[in-house]
Amino acid sequence: MAKYFDVHPETPQARTIGTVADSLRAGALIAYPTDSCFALGCAMGNHEGLERIRSIRRLDDRHHFTLMCENFAQLGQFVHIDNAVFRAVKAATPGSYTFILPATREVPRRLMHPKKKTVGVRIPDHAVTRALLAELGEPLLSSTLLLPGDAEPMTQGWEIKERLDHVLDAVVDSGDCGTEPTTVVDFSDGTPQIVRQGAGDPARFE
């Protein structure tokens, strides 16, 4: 049964955030809010958590997982990013964008695209997510909480707990965070390619 945490959307309670971070370090898989819908998340080194996300969403090995990063210093540890790309990405963050970039050796191979050796990264603009990342001290391995057969991601924490109680360890709820996922921009070859149009304005990359 998943634990349920009700967190203030603008001033998240430090004790609750600490409890959630501890559970992630101990191997938990959680549902949590972002600036563009709910996501599934676990610690980056949690191999079982990764497989649980694949199972819940029925994903194949070509799916790009996202490393949810607190800031650019953290993001730079996990992807190769040249000056031109850095400027473009920095101008659009924090925000509702996911960027696909070549992964560094810090990224476990199982998180990379098997052929391209790339990974998704993003810096969210959501107080709860940022607080959790700061407390955790490392990126959250994440994937949009969009279930097979559903047209849109779920928006209510109570509904997530009701439907996924048996496969999650915790649900962090800070209210409705929308149904539109991030805009995904592939920078793996140095030039921007819009892979998915979402909450972030794609015009700056077109």
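Shown above is the structure to which this text applies.
Notes on the structure in this doc start here. (Residues numbered from 1 in each chain as written. Predicted model: local features only at pLDDT ≥ 70, side-chain atom pairs only at ≥ 80, totals over all residues. Heavy atoms only, no water.)

**Regarding the environment of Arg87**
Position of Arg87 among the secondary structure elements: in helix H4 (residues 83–91). Arg87 gets classed as exposed once you look at its relative accessible area, which sits at 56%. (Helix = DSSP H or I, 4+ residues; strand = E, 2+ residues; numbered from the N terminus. Buried < 20%, exposed > 50% of the residue type's maximum accessible area, 1.4 Å probe, protein only.)

**Some details on the side chain of Thr183**
Of note, Thr183 is situated in strand E9 (residues 183–186). There is a polar contact of 2.5 Å between the side chain of Thr183 and the backbone oxygen of Gly200. The contact partners of Thr183, leaving out residues within four places of it in the chain, are Ser96, Tyr97, Thr98, Arg196, Gln197, Gly198, Ala199, Gly200 and Pro202. (Polar contact = N/O pair within 3.5 Å; in protein donor to acceptor, adjacent residues only side chain to side chain. Contact = heavy atoms within 4.5 Å.)

**Observations regarding the packing of aromatic side chains**
On inspection of all chains with the given rule, the structure shows 6 aromatic pairs. Arranged with centres 5.1 Å apart and planes meeting at 65 degrees, the rings of Phe72 and Phe86 form a pair that is edge-to-face. Here Phe72, found in helix H3 (residues 72–78), pairs with Phe86, found in helix H4; they are 14 residues apart in sequence, far enough to count as distant. Taking relative accessible area as the criterion, Phe86 reaches 31% and is therefore assigned partly exposed. Between Phe99 and Phe187 the ring centres are 6.2 Å apart and the planes differ by 35 degrees, which places this aromatic pair in the tilted class. One end of the pair, Phe99, is in strand E5 (residues 97–102); the other, Phe187, is in the loop between E9 and strand E10 (193–196), and 88 residues separate them in sequence. These aromatic residues form a ring-pair network of at least three members: Tyr97, Phe99, Phe187 and Phe205. (Phe/Tyr/Trp six-rings, centres within 6.5 Å; stacked < 30°, edge-to-face > 60°.)

**Digging into unusual backbone geometry**
Between Thr93 and the following residue, Pro94, the backbone shows a cis peptide bond with an omega angle of -5 degrees. Among the structural elements, Pro94 can be located in the loop between H4 and E5. Unlike most non-glycine residues, Cys37 shows phi in positive territory, near 75 degrees. Considering the arrangement of structural elements, one finds Cys37 in the loop between strand E2 (30–33) and strand E3 (38–43).

**As for helix H5 (residues 127–136)**
Within H5, burial applies to Val128, Thr129, Leu132, Leu133 and Leu136. Angular distribution of buried residues about the axis of H5 spans 130 degrees; they occupy a single face of the element. The elements touched by buried residues of H5 are helix H1 (14–25), E2, strand E4 (66–68), strand E7 (140–144) and strand E8 (170–173). In the segment just after H5, Gly137 is the residue with positive phi, at about 80 degrees. (Arc of directions from axis to C-beta.)

**Description of the packing of H1 against H5**
Angle between the axes and distance between the axes are the two parameters that describe a pair of packed helices. Across the interface, H1 lies against H5 with an axial gap of 9 Å and an inter-helix angle of 55 degrees. Between H1 and H5, the angle falls in the class oblique. Crossing of H1 against H5: the hand is right-handed. Of H5, the residues touching H1 (which contributes Ile17, Gly18, Val20, Ala21, Leu24 and Arg25) are Val128, Ala131, Leu132, Glu135 and Leu136. Grouping the amino acids of the contact of H1 with H5 by side-chain chemistry returns 8 nonpolar, 1 polar and 2 charged. (Axes fitted to C-alpha atoms, helices over the stretch in contact; angles between N-to-C directions. Parallel < 35°, antiparallel > 145°, perpendicular 65-115°, else oblique. Left-handed = near helix turned anticlockwise from the far one by under 90°. Nonpolar A, V, L, I, M, F, W, Y, C, P; charged D, E, K, R; others polar.)

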